[in-house]
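Architecture at a glance
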Amino acid sequence: MKRLFYTILMLTALLMSSCDKLDPEDRLIFVEPPQVSRAVLIEDFTGQYCVNCPRATEEIERLVEEYGDTAVIAVAIHSGPFSKNKTVYTPLYTAQGDEYFSHWGLSAQPVGLVDRLFSSMPFDFTDWAGAVNYELEQEAPVSIMVEAEMEGDENLCHANVEVIGLDSALVEGKLQVWLVEDSIDSFQLMPNGSREEHYNHMHVFRTSINDLWGDDLRVNHGDVAVKNYTITMDPAWKPEHCAVVAFLYDNSGVLQVNKKKLVK
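Just so we're clear, the structure is a prediction, and the values are computed from it rather than from any experiment.

Reading the values: rules and limits
- Residues numbered from 1 in each chain as written.
- Predicted model: local features only at pLDDT ≥ 70, side-chain atom pairs only at ≥ 80, totals over all residues.
- Heavy atoms only, no water.
- Disulfide = S-S within 2.5 Å.
- Pairing = 2+ DSSP bridges.
- Helix = DSSP H or I, 4+ residues; strand = E, 2+ residues; numbered from the N terminus.
- Axes fitted to C-alpha atoms, helices over the stretch in contact; angles between N-to-C directions.
- pLDDT = per-residue confidence, 0-100.
- Contact = heavy atoms within 4.5 Å.
- Buried < 20%, exposed > 50% of the residue type's maximum accessible area, 1.4 Å probe, protein only.
- Core = buried A, V, L, I, M, F, W, Y, C linked by side-chain atoms within 4.5 Å.
- Polar contact = N/O pair within 3.5 Å; in protein donor to acceptor, adjacent residues only side chain to side chain.
- Parallel < 35°, antiparallel > 145°, perpendicular 65-115°, else oblique.
- Left-handed = near helix turned anticlockwise from the far one by under 90°.
- Nonpolar A, V, L, I, M, F, W, Y, C, P; charged D, E, K, R; others polar.
- Expected span 1.5 Å × (residues − 1).
- Arc of directions from axis to C-beta.
- Phe/Tyr/Trp six-rings, centres within 6.5 Å; stacked < 30°, edge-to-face > 60°.
- Lys NZ or Arg CZ within 6 Å of the ring centre and 35° of its normal.

**Quick word on the state of the cysteines**
Counted by the stated rule, this structure contains one disulfide. In this model cysteine 50 forms its disulfide with cysteine 53; the gap between the sulfur atoms is 2.3 Å. On the sign convention where negative is left-handed, the bridge of cysteine 50 and cysteine 53, at about 90° about the S-S bond, is right-handed. In this model cysteine 157 remains outside any disulfide bridge; the closest cysteine sulfur is found in cysteine 242, 7.8 Å from its own.

**A short note on the sheet that holds strand E13 (residues 224–232)**
Spatially, the three strands line up as an open sheet ordered E6-E7-E13, and their pairing is antiparallel. Two strands bound the open sheet, and with one partner strand each, they are strand E6 (142–151) and E13. With direction set aside, neighbouring strand axes in the sheet form an average angle of 15°.

**A look at the confidence of the model for the protein**
Should the pLDDT be low somewhere, the predicted coordinates at that spot are not to be read in detail. When pLDDT is averaged across the protein, the result is 86; 84% of the residues are at 70 or more. When pLDDT is averaged over each helix and strand of the protein, the minimum, 38, is found for helix H1 (residues 2–17) and the maximum, 98, for strand E11 (residues 204–208). Note on residues 1–34: pLDDT is under 50 here. Beyond four places in sequence and across chains, it has 31 contacts.

**A word on the environment of glutamate 58**
Its location among the elements puts glutamate 58 in helix H2 (residues 53–67). Residue glutamate 58 is classed as exposed on the basis of its relative accessible area, which comes to 52%. Sequence separation of glutamate 58 and phenylalanine 125 is 67 residues, and the distance between their C-alpha atoms is 9.7 Å.

**Concerning the nonpolar core**
Generally speaking, a soluble globular protein has its nonpolar side chains buried in company with each other. Counting 27 residues, the largest nonpolar core has Val163, Val177, Leu179, Val244 and Leu248 as the members making the most contacts within it. Of all elements in the fold, only E6, strand E7 (156–165), strand E8 (171–181), strand E12 (215–219), E13 and strand E14 (242–250) reach the threshold of two or more residues within this core. Per-element tally for this core: the top contributor is E6, with five residues. Apart from the residues within four sequence positions on either side, leucine 179 is in contact with Cys157, Val204, Phe205, Arg206, Thr207, Ile209, Ile231, Met233, Trp237, Cys242, Ala243 and Val244. Grouped together as the second largest cluster of nonpolar side chains are 22 residues, Phe101, Phe247, Tyr249 and Val254 included.

**A few points about the side chain of arginine 38**
With respect to the helices and strands, the residue arginine 38 is situated in the loop between H1 and strand E1 (40–46). On the basis of relative accessibility, which here comes to 10%, the residue arginine 38 falls in the buried class. A polar contact is formed between the side chain of arginine 38 and the side chain of glutamate 135, at a distance of 3.1 Å. A polar contact is formed between the side chain of arginine 38 and the backbone oxygen of leucine 255, at a distance of 3.4 Å. If we ignore the near neighbours within four places in the chain, the residues touching arginine 38 are Ala71, Asp115, Glu135, Leu136, Gln138, Glu139, Ala140, Pro141, Val254, Leu255 and Gln256.

**Quick look at the packing of H2 against helix H5 (residues 128–136)**
Taken N-terminus to C-terminus, the directions of H2 and H5 make an angle of 30°; their axes are 11 Å apart at the nearest point. If you check the angle between H2 and H5, you find them roughly parallel. Two packed elements cross with a definite hand, and for H2 against H5 that hand is right-handed. For the pair H2 and H5, contact is made by Ala56, Glu59, Ile60, Arg62, Leu63 and Tyr67 and by Trp128, Ala129, Val132, Asn133 and Leu136, respectively. Among the residues making up the contact of H2 with H5, the classes are represented as eight nonpolar, one polar and two charged.

**Remarks on H2**
Spanning 15 residues, H2 covers 21 Å between terminal C-alpha atoms, matching the ideal 21 Å at 1.5 Å per step. Phi turns positive, to about 105°, at glycine 68, one or two residues after H2.

**With respect to helix H3 (residues 95–103)**
Count 3.6 residues to each turn of an α-helix, and residues three or four apart come out pointing the same way. All of the buried residues along H3 are Gly97, Asp98, Tyr100 and Phe101. Across the axial projection of H3, the buried residues extend over an arc of 155°, all falling on one side. Projecting away from the buried face of H3 at angles above 90 degrees are the exposed residues Ala95 and Ser102. Two residues or fewer after H3 comes glycine 105, characterised by a positive phi angle close to 65°.

**Focus on the packing of aromatic side chains**
Two aromatic rings, taken as a pair, are described by how far apart their centres are and by the angle between their planes. A full pass over the atoms with the stated rule returns 10 aromatic pairs. The interplanar angle of 80° and the centroid separation of 5.9 Å between the aromatic rings of tyrosine 100 and phenylalanine 205 together place this pair among those described as edge-to-face. In this pair, tyrosine 100 is assigned in helix H3 and phenylalanine 205 in strand E11, connecting sequence segments 105 residues apart. Classification of tyrosine 100 by relative accessible area gives buried; the value is 0%. Residue classification places phenylalanine 205 among the buried positions, given a relative accessible area of 0%. Relative to tryptophan 128, the ring of phenylalanine 125 lies with its centre 6.4 Å away and its plane at 75°, an arrangement referred to as edge-to-face. What makes tryptophan 128 buried here is its relative accessible area of 0%. Here the aromatic residues Tyr100, Trp104, Trp178, Phe205, Trp213, Phe247 and Tyr249 are joined through ring pairs into a cluster of three or more. A cation sits over an aromatic face here: arginine 116 above tyrosine 249, 4.7 Å from the ring centre. Here arginine 195 stacks its cationic end above the ring of phenylalanine 187, 3.9 Å away from the centre of that ring.

Right, dumping it as structure tokens:
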């Protein structure tokens, strides 16, 4: 969208510069960018010892199929009591994810936050559809563009995020940037009580690329805020299955989210 917006401006400038009757101040005009489609973030707090968590995964798959993977962006945060068996942590557990779990005061699983609505009230997965539908009808105050690249054999991930202000008023919030990984082959307890040794885990939270609670960001209408980040990838992570999720949030919830696959 940004490239189209600036292309229009350049073409407008070129056309108007050929007209000698116009004053220099009148040769540039502001072209309002088209309305940006809203995307919704589902933070799925899950665990490999949670027998009902595969049901929540199925609901995410259904919502993605219904609305598209650019409209519904899910992150599976393995945390809480069902990511541990007494003192033994599962392979997908992260201390950062557990800190999020504790911060929101969660206790049961599966449970999720949908755009952190209603002061981050957790939703049972059976209620996600209604919350997603509600959020998709809201207007996005910003557009988020993400580029995610691997640097050769250095095992470095570069994440470049641009936030474009679309609202008429100043937008202030926290920019959060996460790394997620798809297609992880690991065990999972199933609803029938069995243990699936080769369960396909998707959109698994691996780490926060920036501060655990994001970076302060302010953007006015028509302005572009740029943030660049670099992290060293864990050798256990498969870059070809990884993606960067970036979202802007404030006290009212998540304002916009985007996801981009990691490329070399």
